[in-house]
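# Residue-level structure breakdown
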Amino acid sequence: QVQLVESGGGLVQPGGSLRLSCAASGSIFSFVSMGWYRQAPGKERELVTYITSVGRTNYVDSVKGRFTISRDSAKNTVYLQMNSLKPEDTAVYYCNAHARVGPTATYTDYWGQGTQVTVSS
């Protein structure tokens, strides 16, 4: 089975920083990408950022220049460095992986349990 375990969320004041981690484990054959989504109460889940297996990244406009995604391929771990945090960043952050468990398997989305990020005002 494939598991994604997130950590690093917490409470921070505006302008502060947090670093989220997501470790993937299980019978993962290959990744297309890993990324981070977030969801605030009453809002839809949105894609924040992703990184592909070859290192290509993309960010939603609202976090450009403040958030950085990185990956440690040897550890199957992705990180999200969040700087200059704003109250609008408050949400549950979910790790996502688009991967397959074998060479004949279909690519599937896997999700972490979510970690709460709260930015006080």
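Rules of the game
- Residues numbered from 1 in each chain as written.
- Predicted model: local features only at pLDDT ≥ 70, side-chain atom pairs only at ≥ 80, totals over all residues.
- Heavy atoms only, no water.
- Helix = DSSP H or I, 4+ residues; strand = E, 2+ residues; numbered from the N terminus.
- Rg over C-alpha atoms; globule rule 2.2 N^0.38 Å.
- Contact = heavy atoms within 4.5 Å.
- Areas by Shrake-Rupley, 256 points an atom, 1.4 Å probe, with all protein chains shown as cover.
- Disulfide = S-S within 2.5 Å.
- Core = buried A, V, L, I, M, F, W, Y, C linked by side-chain atoms within 4.5 Å.
- Buried < 20%, exposed > 50% of the residue type's maximum accessible area, 1.4 Å probe, protein only.
- Phe/Tyr/Trp six-rings, centres within 6.5 Å; stacked < 30°, edge-to-face > 60°.
- Lys NZ or Arg CZ within 6 Å of the ring centre and 35° of its normal.
- Polar contact = N/O pair within 3.5 Å; in protein donor to acceptor, adjacent residues only side chain to side chain.
- pLDDT = per-residue confidence, 0-100.

## A few points about the overall build of the protein chain
- Helix and strand counts for the protein chain come out as zero helices and eleven strands.
- What you see in the protein chain, going N to C, is helices and strands ordered as β-β-β-β-β-β-β-β-β-β-β.
- Over its C-alpha atoms the protein chain spans a radius of gyration of 14 Å, differing by no more than 12% from the 14 Å that the globule rule assigns to 121 residues.
- On the principal axes, the C-alpha backbone points of the protein chain span a range of 50 × 25 × 25 Å.
- Partitioning the intrachain contacts of the protein chain with sequence separation of at least 6 by distance along the chain shows that 56% fall at a separation of at least 24.
- As presented, the protein chain carries roughly 6400 Å² of accessible surface, and 48% of it is formed by carbon and sulfur atoms.

## Let's talk about the state of the cysteines
- Going through the model one piece at a time under the given rule, you end up with one disulfide.
- The disulfide partner of Cys22 is Cys95, and the S-S distance across this bridge is 2.1 Å. Measuring handedness by torsion sign, the sulfur bridge of Cys22 and Cys95 sits at about -85° and is left-handed. With Cys22 in strand β3 (residues 18–25) and Cys95 in strand β9 (residues 91–100), this residue pair connects regions lying 73 residues apart in the sequence.

## Here's the deal with the nonpolar core
- By size, the foremost hydrophobic cluster in this structure holds 29 residues, and its most contacted members are Met34, Trp36, Met82 and Tyr93.
- Put simply, the parts of the chain that give this core at least two residues each are β3, β4 (30–39), β5 (46–52), β7 (67–72), β8 (77–82), β9 and β11 (115–119).
- Looking at which element gives the most residues to this core, the answer is β9, with five residues.
- In this structure, Tyr93 is in contact with Glu6, Leu20, Trp36, Tyr37, Arg38, Val48, Phe67, Leu80, Met82, Gly114, Thr115 and Val117, ignoring residues within four places of it in sequence.

## Re the packing of aromatic side chains
- Under the definition given, this model contains one aromatic pair.
- Seen from the ring of Trp111, Arg45 lies directly overhead, with NZ or CZ sitting 4.9 Å from the centre.
- The ring centre of Phe31 lies 4.7 Å from the NZ or CZ of Arg71, which sits over that ring.

## A word on the environment of Arg66
- When you line up the elements, Arg66 lands in the loop between β6 (57–59) and β7.
- In this structure Arg66 comes out as buried when scored by relative accessible area, which is 10%.
- Separated by 33 residues in sequence, Arg66 and Ser33 place their C-alpha atoms 21 Å apart.
- Leaving out residues up to four positions away in the same chain, Arg66 has contacts with Gln81, Met82, Asn83, Ser84, Leu85, Lys86 and Asp89.
- Engagement of the side chain of Arg66 in a polar contact is seen with the backbone oxygen of Ser62, the distance being 2.9 Å.
- In terms of polar contacts, Arg66 uses its side chain to reach the backbone carbonyl oxygen of Ser84, at 3.0 Å.

## A few points about the confidence of the model for the protein chain
- Mean pLDDT over the protein chain stands at 95; residues scoring 70 or higher make up 100%.
- At the level of individual helices and strands, the protein chain shows its lowest average pLDDT in β4, which scores 94, and its highest in strand β2 (residues 10–12), which scores 98.

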